[in-house]
Amino acid sequence: MLKINNQNILKFVNQAELKLEEEKAIESYKTLVNKNGLGNDFLGWIDYPINYDKEEYDRIKKAAQKIRNDSEVLVVIGIGGSYLGAKAVIEALKPYFKKGKDLEIIFAGNNLSASYMVELLKYLENKSFSLNVISKSGTTTEPAIAFRLLKELLIKKVGKAEASKRIYATTDKQKGALRTLANSEGYETFIVPDDIGGRYSWFTAVGLLPIAAAGFDIDQLMKGSIDSRNDALSLDFKNSPFLQYACYRHLLGTKKGIEILVSFEPKLAYLAEWWKQLYGESEGKENKGIYPASLIYSTDLHSMGQFVQEGSRLMFETVLNIKQPNSDMKMAKEEVDLDGLNYLEGVNLDYVSKMAMEGTILAHVDGGVPNLVIEVDKIDEYNLGYLLYFFMFSCGITCYMSGINPFNQPGVESYKKNMFALLNKPGYEELRKALLKK
Ligand code: PA5
């Protein structure tokens, strides 16, 4: 179970406003669990950890094993919620430096870079690979283009029949171009449930197949999310990190427009990307919302640290404190102390990092940046499962506190329409004319 430490926000807020926010958080929590708020047809993720499809779950494990047996590379094709969860978990769990000949996971279809695609196709030419194409709508342009090109290469390498056995499609159970294609080509398919939106779907097949193929323990990941769900639904405000995080960040957000998620562990850089999507796409609507940003310390203390300490006072920080490192070592003494580091003799590297964290928090709070700490025991499958569910649940509460529907993303359509018109897609002729005039 994780904990929230709020002691470094207290000098920036008063007790009366804290009390008010607490009441608001509890109201919004009720709206979420009673399922009578905005977007309530997208709440399937709340109980998903206990009612997921067990038959499909077994197929995910089998497919992952097959991919590990017959491929050197798995290319995971998807964008937004159809890739960030898997990427976040895999990056957090995999070793920094590659050991042995394990399956390589490559993500594609999450950008429109021509160079990325051409270099990827070249890289795969002499590799045996499988494809997991993920799109809930089945019509998103970025993954659709990547899939078309990667599928062509796979067919060229292994033939149509074998390619169909190496392609796994994760999509809607009935509709969308990807569903039609998968049915007609006989790909193995996995379902993105109707009532779970992309950024809430990391623990469905969307995230689980790539994570299991990467060799990680999805049982533990699910166990973490089950415990997180049970805590989310049972704890009162005093004991609930879910309610506390939602409440404090909402209050700080009314004073500061930017929340920076900070970690001292570079492995968590993509977890922060996933978090940014979750909060940014859920909350940034109707001219409201806290802008979600992220930094990795101590690296970024030597770049953005200056701004956080002394620049415009726009932000508060939320620090992810990982209590126990996965590995550690002690500093040794050198005969001649030329680098002046002998004062660290016998000190663990993680202790140095923790003191950097404490020092940074004190300095930034003195500089006018409120600071929340989320304490996580360690980085493993169980704790990640717990943490990701925690962020989703708190996100639902905070959005409702602002009267926002956390589960739609109407703003994403604007760029798409313009892009289709500029590319001459049939049906966009009038918009094309208007855009060309501009
Ligand atoms: O959270 C969301 O709903 C979005 O970020 C989607 O995941 C993203 O746009 C990709 O959509 P799709 O899975 O339909 O291709």
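Residues numbered from 1 in each chain as written. Predicted model: local features only at pLDDT ≥ 70, side-chain atom pairs only at ≥ 80, totals over all residues. Heavy atoms only, no water.

### Here's the deal with the sheet that holds strand β9 (residues 315-322)
The strand order β1-β10-β9-β7-β8 describes an open sheet built from 5 strands, whose pairing is mixed. Only two strands of the sheet have a single partner each, and these edge strands are β1 (3-5) and β8 (291-296). With strand direction ignored, the average angle separating the axes of adjacent strands in the sheet is 25°. Judged from the 6 bridges that link them, β9 and strand β10 (residues 371-376) form a sheet pairing that is parallel. Following the sheet pairing, T318 is matched in β10 by L372. Relative to the sheet, helix α11 (residues 241-255) contacts β1, β7 (258-263), β9 and β10, its axis offset from that of β10 by approximately 160°. (Pairing = 2+ DSSP bridges. Helix = DSSP H or I, 4+ residues; strand = E, 2+ residues; numbered from the N terminus. Axes fitted to C-alpha atoms, helices over the stretch in contact; angles between N-to-C directions. Contact = heavy atoms within 4.5 Å.)

### Quick word on the domain arrangement of the protein
Split by domain assignment, the protein resolves into domain 1 (3-37 + 221-405) and domain 2 (45-216). Roughly 2,800 Å² is buried in total at the junction of domain 1 and domain 2, and carbon and sulfur atoms are behind 71% of that figure. By the criterion of area lost to domain 2, the three top residues of domain 1 are M222, K267 and Y270, representing 26% of everything that side buries. Taken together, the links from domain 1 to domain 2 amount to 3 salt bridges. Here K35 makes a salt bridge to D47, at a shortest N to O gap of 3.6 Å. Summed over the shared surface of domain 1 and domain 2, the number is 9 residue pairs in polar contact (both at pLDDT 80 or more). At the level of elements, α10 (218-234), α12 (269-283) and α15 (381-401) are the ones that each hand at least two residues to the side of domain 1 that touches domain 2. For the side of domain 1 that touches domain 2, the residue count by class is 18 nonpolar, 4 polar and 9 charged. (Domains from an automatic or database assignment. Buried area = accessible area lost by both parts, 1.4 Å probe. Salt bridge = Lys/Arg side-chain N within 4 Å of Asp/Glu carboxyl O. Polar contact = N/O pair within 3.5 Å; in protein donor to acceptor, adjacent residues only side chain to side chain. Nonpolar A, V, L, I, M, F, W, Y, C, P; charged D, E, K, R; others polar.)

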